[in-house]
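# Close look at the chain arrangement
Given next are the chains, with one letter for each unit.
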Amino acid sequence: MEIKETFLSYDDEFEGNLFTLKCDFGRVDFGKKHNKVYPLYIFVEPTHRRNKIATKMIEYLSKKYVLDWDGRFTSEGRLFFKHYIKTHERIN
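Rules behind the numbers
- Residues numbered from 1 in each chain as written.
- Predicted model: local features only at pLDDT ≥ 70, side-chain atom pairs only at ≥ 80, totals over all residues.
- Heavy atoms only, no water.
- Pairing = 2+ DSSP bridges.
- Helix = DSSP H or I, 4+ residues; strand = E, 2+ residues; numbered from the N terminus.
- Buried < 20%, exposed > 50% of the residue type's maximum accessible area, 1.4 Å probe, protein only.
- Contact = heavy atoms within 4.5 Å.
- Expected span 1.5 Å × (residues − 1).

This part is about the pairing of strand S3 (residues 26-33). In this sheet, S3 lies alongside strand S2 (residues 16-23) in antiparallel orientation, the contact comprising 7 bridges. Bridge pairing links Leu 21 to Val 28 in S3. Between the antiparallel neighbours S2 and S3 lie 2 residues. Bridge analysis of S3 against strand S4 (residues 36-44) gives 8 bridges, and the strand direction is antiparallel. What sits directly across from Val 28, in S4, is Ile 42.

To continue, consider the side chain of Asp 29. On the secondary structure map, Asp 29 appears in strand S3. When its relative accessible area of 15% is taken as the criterion, Asp 29 is described as buried. Setting aside chain neighbours within four positions, we find Asp 29 in contact with Phe 19, Thr 20, Tyr 38, Pro 39, Leu 40 and Tyr 41.

Our next topic: helix H1 (residues 53-64). Here H1 spans 17 Å end to end across 12 residues, near enough to the 16 Å set by a 1.5 Å rise per residue. Every buried residue of H1 is accounted for by Ile 53, Ala 54, Thr 55, Met 57, Ile 58, Leu 61 and Ser 62. Against S2, S3, S4, strand S5 (66-67) and helix H2 (75-87) lie the buried residues of H1.

What follows is the structure, given as structure tokens:
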């Protein structure tokens, strides 16, 4: 799975840079400031969910950056996050 990181813009409200991480079937939008990355939005096409695509994208980010989660999740996002925390030790 090829993953591509792209700069989107500087966001005054966030006070940091916004990026997107894309692969064939999904994306993660995230903000970056003060050497930390804040996942803001994770999307995987419905027909490709439960295939570890979101996990692989978050793992890609966690190998490159320190992740910081703000705790605002959809119900599906909270389930993903709880599972990710249980199975990965590199959550900050």
